[in-house]
Amino acid sequence: MNPTFLQTPIDYLKGVGPNRADLLRSELGIHTFQDLMHLFPHRYIDKTRYYKISELERSNAEVQIIGKFTSMKMVEGKGRRLVATFRDDGGQMELVWFRGHKWIKEAIKMNTPYVIFGKCNYYNGKFSMPHPEMELLSEHEKSIRSAMQPVYPSTEKLSNRGITNKVVNGVMQTLFMEAKNHLFESLSKPLVTELKLMPKREALFNVHFPQSQEHLARAQYRLKFEEFFYIQLQLAFKNVNHKTKIKGYPFEKVGPIFTTFYNDHLPFELTDAQKRVLKEIRHDLGTNAQMNRLLQGDVGSGKTIVALMSMLMALDNDFQACLMAPTAILAVQHYQGLLELCKELNTSISLLQGSTKASERKIIHEQLENGELDILIGTHALLEDKVKFKNLGLAVIDEQHRFGVKQRSKLWHKNEYPPHVLVMTATPIPRTLAMTVYGDLDVSIIDELPPGRKAIKTVHRYDANRLKVFKFIRDEIALGRQVYIVYPLIQESEAMDYKDLMDGYESISREFPMPEYQISIVHGKMKPDDKEIEMNRFIKGETQIMVATTVIEVGVNVPNASVMIIESAERFGLSQLHQLRGRVGRGAEQSYCILMTSHKLSSDSKVRLETMTGTNDGFEIAEVDLKLRGPGDITGTQQSGALNLKIADIIRDNDILKVARSYAWQLVKDDPKFEKEENQIIRFMYAQMMKFKNIWSYIS
Ligand code: ADP
Ligand code: MG
C-alpha cells in the first residue's frame, strides 16, 4: 500500500466535505483514507435475489423486488401516511411512508422500473413495505454493484445526520476509484503463494463489494490473517528482543519493612492465591529485568494488600513506590486504607491529587526528590512534570483501563531506568486470551476470595414488580443498610438516558421522602466537585440511597451498602454488570443485587441475566462475555489500544489466529531482522505500523 496517499485526511475525499469529515472522525474514529478503507462491514445483505410479489411469504426477512409505481395517495387521520401501489407482472403491494412525504412525492417517477428493498409486513391478506430503499432500475444496473450488500457500522448520530449506509457505500465507491492504483501487496510473496491468499487489492475490494459468497470468504480470510499476522509479528519480535533490552532495578533482599509487616501487622491471613501472586511478583522483582505484570483479581479479592506488600519490597531495597488510581475518590480511599495498614511501620505516605494545595504540593515535590517520601498515592496528578521521584522502583496502577497507554508511558520516564510496573484490574481477561494477545506481558491471577464472605444474592425482577422492590429497599434501610440504584448511560442515547435517570430520581424521591430518607445523586454531567460531595455523603452514611449512572463502577468501597439495584439491566454488558455488583458484598452483611428489566428481552440479554443470577465468578462471567461479544469489546484491551482489531475476532477466528501465529513466529525466528529480500515488504509494513500505531508494546 502507498502509505502517504492513504494517510490523506478524509476531508479531501470527494463527497465527504468538512461536516461529514467531522462526524466520521468523532463517531467512528475515521481520520484518513486508510481508516475509511478499514471500516469493514459488520454484515452483508444478500441482494443476489429478486423476488416476485406473488412469491412473498410472511417469513421473509428483507426482500428486493423490481416493479413500478402505479398510484400514490395520502391517508389522513391518526398515523397519517403516504401510501403507494407498487406492481410487478404478477401482483401488487403497498409501500408506506410516515415521514418525508413531500420529498418522496416529488422524487418518485410513476410507471418507471424501480428496484425496492426492505422488510415486508403482512396484514389483512396484503403485503406492505414501510420506508423501502428505492433506486431506479437504470441506476441500479450502473453502480458498482455486488451480490452481497455491505452494512457498515454506524451510530444514531450518523444516521440522524444523513450519513446512512447508502451514503457510506457511495463514499466507499469514490474511495476505491481514487485509491485503486495505490493499493499494493502487504504480505510477502512466499506467504501469499504458500497460503493461497487472495491478493491485497482484490481482498479489500471484495470485502466492500463482494462479487460472490466465495470471493467474500476468501477476502475476509486474507484480511483477518494479515491482521493477526502483524500482531503476532510484534509479539514475536518483542519476545526475541525484549528480555535483553529492558533492564530493571533488581530488588535483591526481603528486608525488615516487609518482614515486620508480614509477621506483626497483617490484619488477616493471606489467601493462598494472594500468597502465590506475591511469590510471582517477588520473583520478577528479584531479577534485573523490568517487571511488567498484570494482576487480575475479581472485585473484593484483595489486590490492595498485594500492592502494598509489593511496594514494601521496593522500600526495603531503598526505592520509592507509587500507586495511581483512576479517580480522586479511589485515591483517597487507598490513601486512608494504606495509612491505616502502615500505621505501625516507619514509612511515609502522601496523597497527591488535582485538588492538593500548592503549599502541600511543594512539600511533596521536595520530599519526593530528596527521598524522604516513600510512597506516593494519587490520581493523574502523579503524571505532572513537576512530580520527580528520587528513585521510583515500583509503580502500581489500579484499574488500568481508565488510563491511556500514553499516560502510563510518561510515568516510566521519570527515572533513568523504568520502574517495575504492576497493573491491577478487576476486569478479567481469560488467561488463554491474555497469552495469545499480550504475549510476554505477565499475568498473575487472584482466583480466590477471602474466607467468610457471604455470596451476593442476585435476582432478576421485571419492572412490574417495582413496588415489591421498593418495599425491600425500605426494609434494608430500616436495618441500617445503604442502597445503590444505577441507571444505564449509553453514549448513543445520552439525552434519553439522562431523562430516565432524572425521572427515576424523582420517583425514588417521592417513594423515599425527606427527612426520613436522604438521597445522593451522581452522574457524569455534574461538576467533579459536586460529584465528590455527593459521593462522600454516601460514603459517610449521611444518605441511604445513591442514585447514579455507571460513574460509580470502579473500585468504590462502601461496606455498609448491601443492595445494588440495576435499572434496565438488559442494556448493560456482562462485565459491567459484574463490576457494578461488586460494589456490594464488601461488609459482613448479606448483600443483594437486583436486576430490573422490562419484559422485552433479546436472547443475548437473557443469557446475560441468567449468567448473572447463576454465578458470582468473574472469570466464568468473562468467558460468557467473550463468547457473546467477542474480545474486541473487552474493556481495557480495546481502550488501551492493545487489540484494535478491525476485522478479525479472536474467538471466532481462532483457527486463523493459530496459522498466523505460527507463520509470524517462524518468520521472526528465521529472519529476526527482516533482512531477506522476500521479507522487505514485511519490514516496510512493520515499520509503518510502529509509526502510526499506539501499541501496548511501547510501554514495555
Ligand atoms: P480489590 O481486589 O477489589 O481491590 P480489596 O483489596 O479492596 O479488593 O479488598 C477487599 C476487602 O477484603 C478489603 O476490606 C480487604 O481488607 C479485605 N481482604 C483482603 N484480603 C483479605 C484476606 N486475605 N482475608 C480477609 N480479608 C481480606
Ligand atoms: Mg481495588
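Residues numbered from 1 in each chain as written. Chains lettered and ligands numbered in written order. Predicted model: local features only at pLDDT ≥ 70, side-chain atom pairs only at ≥ 80, totals over all residues. Heavy atoms only, no water.

Draft legend 1. Local environment of the overall build of the protein chain. When you go through the protein chain residue by residue, the secondary structure sums to 25 helices and 22 strands. Each of the 700 residues in the protein chain was classed as buried or not, and the buried ones make up 52%. For the protein chain, long-range pairs separated by at least 24 residues make up 73% of all intrachain contacts whose partners lie at least 6 apart in sequence. (Helix = DSSP H or I, 4+ residues; strand = E, 2+ residues; numbered from the N terminus. Buried < 20%, exposed > 50% of the residue type's maximum accessible area, 1.4 Å probe, protein only. Contact = heavy atoms within 4.5 Å.)

Draft legend 2. Representation of the environment of Q92 within the structure. By the element assignment, Q92 lies in strand β4 (residues 91–97). Once you skip the residues sitting within four places of it in the chain, Q92 turns out to touch I53, T85, F86 and R87. Within the local environment of Q92, its side chain forms a polar contact with the side chain of R87, the two groups lying 2.9 Å apart. (Polar contact = N/O pair within 3.5 Å; in protein donor to acceptor, adjacent residues only side chain to side chain.)

Draft legend 3. Fine view of the site of ligand 1. Ligand 1 sits among 15 residues. The nearest are Q274, G300, K303, T304 and R453. For ligand 1, an oxygen atom lies 3.5 Å from a polar atom in the backbone of S301. Protein contact buries 74% of the 570 Å² of open area that ligand 1 shows by itself. Considered class by class, the residues forming the shell around ligand 1 number 4 nonpolar, 6 polar and 5 charged. (Near = heavy atom within 4 Å. Areas by Shrake-Rupley, 256 points an atom, 1.4 Å probe, with all protein chains shown as cover. Nonpolar A, V, L, I, M, F, W, Y, C, P; charged D, E, K, R; others polar.)

Draft legend 4. Fine view of the sheet that holds strand β3 (residues 81–88). Here we have 7 strands laid out as an open sheet, ordered β6-β7-β4-β3-β2-β5-β8, and mixed in their pairing. Only two strands of the sheet have a single partner each, and these edge strands are β6 (121–123) and β8 (133–136). Adjacent strand axes in the sheet meet at a mean angle of 40° when their direction is disregarded. One ladder, built from 3 bridges, connects β6 with strand β7 (residues 126–130); its direction is antiparallel. Looking at β7, one finds that Y122 is bridged to F127. (Pairing = 2+ DSSP bridges. Axes fitted to C-alpha atoms, helices over the stretch in contact; angles between N-to-C directions.)

Draft legend 5. The arrangement of the packing of helix α11 (residues 256–265) against helix α13 (residues 303–316) in detail. The contact between α11 and α13 brings their axes to 7 Å, and the two run at 145°. Counting all contacts with α11, which are made through P256, I257, F258, F261 and Y262, the residues of α13 involved are I305, L308, M309, L312, M313, L315 and D316. Residue composition of the contact of α11 with α13, grouped by class: 11 nonpolar, no polar and 1 charged.

Draft legend 6. Inspection of the pairing of β4 at higher detail. Pairing of β3 with β4, which is carried by 7 bridges, proceeds in the antiparallel orientation. By the bridge assignment for β4, A84 is matched with L95. In this antiparallel pair of consecutive strands, β3 and β4, the connection spans 2 residues. When β4 meets β7, the two strands line up parallel, connected through 3 bridges. Its bridge partner being in β7, E94 is matched across the sheet by S128.

Draft legend 7. Representation of the sheet that holds strand β22 (residues 592–597) in the model. Across the sheet, which stays open at both edges, the 6 strands sit in the order β17-β22-β21-β18-β20-β19 with parallel pairing between neighbours. Lying at the two open borders of the sheet, with one neighbouring strand each, are β17 (457–462) and β19 (519–522). On average, adjacent strands in this sheet sit at an angle of 20° to one another, irrespective of strand direction. Pairing of β19 with strand β20 (residues 545–548) involves 4 bridges; the strand directions are parallel. Within the sheet, the bridge partner assigned to V522 lies in β20 and is A548. Lying over the sheet, helix α20 (residues 528–539) contacts β18 (482–486), β19, β20 and β21 (561–566), oriented at roughly 140° with respect to β19.

Draft legend 8. Region of interest: the pairing of strand β11 (residues 320–324). For β11, the tally of buried residues reaches 5 of 5 residues, placing the bulk of the element in the interior. Residues Q320, C322 and M324 point to one face of β11 and A321 and L323 to the other, with burial holding for every one of them. Pairing between β11 and strand β14 (residues 392–398): 5 bridges, direction parallel. Among the inter-strand pairings, L323 is bridged to a residue of β14, identified as V396.

Draft legend 9. Looking closely at the packing of helix α12 (residues 272–286) against α13. The N-to-C vectors of α12 and α13 enclose an angle of 30°; their axes lie 10 Å apart at closest approach. The angle between α12 and α13 places the two elements in the roughly parallel class. For the pair α12 and α13, the sense of crossing is right-handed. On α13, the residues touching Q274, V277, L278, I281, R282 and L285 of α12 are I305, V306, M309, S310 and M313. Here the contact of α12 with α13 is built from residues that sort into 8 nonpolar, 2 polar and 1 charged. (Parallel < 35°, antiparallel > 145°, perpendicular 65-115°, else oblique. Left-handed = near helix turned anticlockwise from the far one by under 90°.)

Draft legend 10. Highlighting the packing of aromatic side chains. Counted by the stated rule, this structure contains 19 aromatic pairs. Measuring from centroid to centroid gives 5.4 Å for F176 and F209, while their planes differ by 85°, and the two rings are edge-to-face. One end of the pair, F176, is in helix α7 (residues 165–179); the other, F209, is in the loop between α9 (200–208) and α10 (213–245), with 33 residues separating them in the sequence. Members of the aromatic cluster, each reached through a chain of ring pairs, are F69, F86 and Y114. The ring of Y51 carries R49 above its face, with NZ or CZ at 4.0 Å from the centroid. (Phe/Tyr/Trp six-rings, centres within 6.5 Å; stacked < 30°, edge-to-face > 60°. Lys NZ or Arg CZ within 6 Å of the ring centre and 35° of its normal.)

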